[in-house]
Amino acid sequence: MTTSSWIATWAGLLPAGASVLDLAAGKGRHTRFFAARGHHVTAIDRDVSELAAADNIEVIAADLENGSPWPLGDRRFGAVVVTNYLHRPLFPALFEALQPGGILLYETFMVGNERFGKPSRPEFLLKDGELLELVRGHFSVTAYEARMISEPKIAMVQRIAARKTS
Ligand SMILES: C[S@@+](CC[C@H](N)C(=O)[O-])C[C@H]1O[C@@H](n2cnc3c(N)ncnc32)[C@H](O)[C@@H]1O
């Protein structure tokens with residue numbers, strides 16, 4: 001799978017050398033993307049079978065749900081990247097995992113996506129305006145979209161690029 005156009009567009013917000021947390025990294029398309037740009041990337045997923053550790057890639061196998069403890073303790077990152085994954089109870093921890101001034105790049109499916117296929121269950125779909133609401137008061141928003149996309153498949157997505165201010 002190719003790099004998300006949203007991630008590619010806003011990756012330039014990250015300062016050179018900023019550490020990156022790729023949450024629910026999957027096969028690591030964004031892990032490899034940021035590593036190739038010179039960032040140290042920590043990739044977490046419950047299935048790390050397709051994630052390869054390297055000099056600047058740390059791979060952590062962890063269940064992020066089911067009552068499991070947050071696997072990163074009080075570690076802080078220069079950027080947190082999440083794509084095509086939503087588990088609402090993680091929001092406080094992943095915001096906390098950002099250093100002051102850190103960059104949040106988040107893109108996932110939103111209500112309306114059920115018309116096109118999966119995910120279709122409400123717990124996997126952002127509500128209208130949800131990402132904006134979540135960051136209000138604590139982030140400066142550089143870009144936000146809630147729209148239908150046609151690549152890599154037709155879907156309704158919400159996506160944000162924001163800098164942590166407090
Ligand atoms: C749709 S994939 C997205 C992967 C990647 N972020 C991307 O956009 O290419 C969702 C990922 O969430 C991971 N995931 C789902 N439930 C999880 C859990 N409880 N703990 C950790 N990872 C989980 C899956 O293993 C999968 O890799």
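We now turn to the structure provided with this report. In this text the structure is predicted, and so the values were computed from the model without any measurement.

Here is what the cut-offs are and how they apply
Residues numbered from 1 in each chain as written. Predicted model: local features only at pLDDT ≥ 70, side-chain atom pairs only at ≥ 80, totals over all residues. Heavy atoms only, no water. Core = buried A, V, L, I, M, F, W, Y, C linked by side-chain atoms within 4.5 Å. Buried < 20%, exposed > 50% of the residue type's maximum accessible area, 1.4 Å probe, protein only. Contact = heavy atoms within 4.5 Å. Helix = DSSP H or I, 4+ residues; strand = E, 2+ residues; numbered from the N terminus. Near = heavy atom within 4 Å. Polar contact = N/O pair within 3.5 Å; in protein donor to acceptor, adjacent residues only side chain to side chain. Areas by Shrake-Rupley, 256 points an atom, 1.4 Å probe, with all protein chains shown as cover. Nonpolar A, V, L, I, M, F, W, Y, C, P; charged D, E, K, R; others polar. Salt bridge = Lys/Arg side-chain N within 4 Å of Asp/Glu carboxyl O.

## A short note on the nonpolar core
Here's step 1: Residues Leu21, Leu23, Leu94, Leu104 and Tyr106 are the most contacted members of the largest nonpolar core, which totals 29 residues.
Here's step 2: Leu104 has contacts with Val80, Leu94, Phe95, Leu98, Val135, Phe139, Ile160, Ala161 and Ala162, leaving out every residue within four places of it along the chain.

## Concerning helix H2 (residues 29-36)
Here's step 1: A large share of H2 lies buried, amounting to six of its eight residues.
Here's step 2: The set of residues buried in H2 consists of Arg29, His30, Thr31, Phe33, Phe34 and Ala35.
Here's step 3: Of the surrounding elements, those touching the buried residues of H2 are helix H1 (5-10), strand E1 (20-23), strand E2 (41-45), strand E3 (57-61), strand E4 (77-83) and strand E5 (98-109).
Here's step 4: Once H2 finishes, Gly38 follows within two positions and takes phi at roughly 95°, a positive value.

## Topic: the side chain of Glu107
Here's step 1: Summarising the element assignment, Glu107 is placed in strand E5.
Here's step 2: You can call Glu107 buried: its relative accessible area is 5%.
Here's step 3: Setting aside chain neighbours within four positions, we find Glu107 in contact with Ser4, Trp6, Val82, Thr83, Asn84, Val157, Gln158 and Arg159.

## What about the site of the ligand?
Here's step 1: Near the ligand you find 13 residues, and of these Ala24, Arg29, Asp45, Asp63 and Thr83 are the closest.
Here's step 2: Between a nitrogen atom of the ligand and a main-chain N or O atom of Arg46, the distance comes to 3.2 Å.
Here's step 3: Within the side chain of Thr83, a nitrogen or oxygen atom sits 2.6 Å from an oxygen atom of the ligand.
Here's step 4: A total of 590 Å² of accessible area belongs to the ligand in isolation, and the protein chains cover 79% of it.
Here's step 5: Here the shell around the ligand is built from residues that sort into five nonpolar, three polar and five charged.

## Some words on the environment of Ser19
Here's step 1: Mapped onto the elements, Ser19 comes out in the loop between H1 and E1.
Here's step 2: Counting along the chain gives 15 residues from Ser19 to Phe34, while the straight-line C-alpha distance between them is 9.2 Å.
Here's step 3: Sequence-distant contacts of Ser19, defined by excluding residues within four places in its chain, comprise His40, Arg76, Phe77, Gly78, Ala79 and Gln99.

## A word on the pattern of salt bridges
Here's step 1: Taken as a whole, this structure holds eight salt bridges when the rule is applied.
Here's step 2: One salt bridge in this structure joins Glu130 and Arg88, with 2.7 Å as the shortest N-O distance. Residue Glu130 is found in helix H4 (residues 130-135), and its partner Arg88 is found in the loop between E4 and helix H3 (91-96); the two are separated by 42 residues along the sequence.
Here's step 3: For the salt bridge of Glu145 with Arg147, the shortest nitrogen-to-oxygen distance reads 3.7 Å.
Here's step 4: A relative accessible area of 24% means that Glu145 is categorised as partly exposed.
Here's step 5: Since its relative accessible area comes to 38%, Arg147 is described here as partly exposed.
Here's step 6: Three or more residues joined by partner-sharing salt bridges are found here, namely Glu107, Glu145, Arg147 and Arg159.

## Some thoughts on unusual backbone geometry
Here's step 1: With omega at 0°, the peptide bond leading from Lys118 into Pro119 counts as cis.
Here's step 2: Mapped onto the fold, Pro119 is located in the loop between E5 and H4.
Here's step 3: With an omega dihedral of 0°, the bond running from Glu151 to Pro152 counts as a cis peptide bond.
Here's step 4: Structurally, Pro152 is set in the loop between strand E6 (139-149) and strand E7 (155-164).

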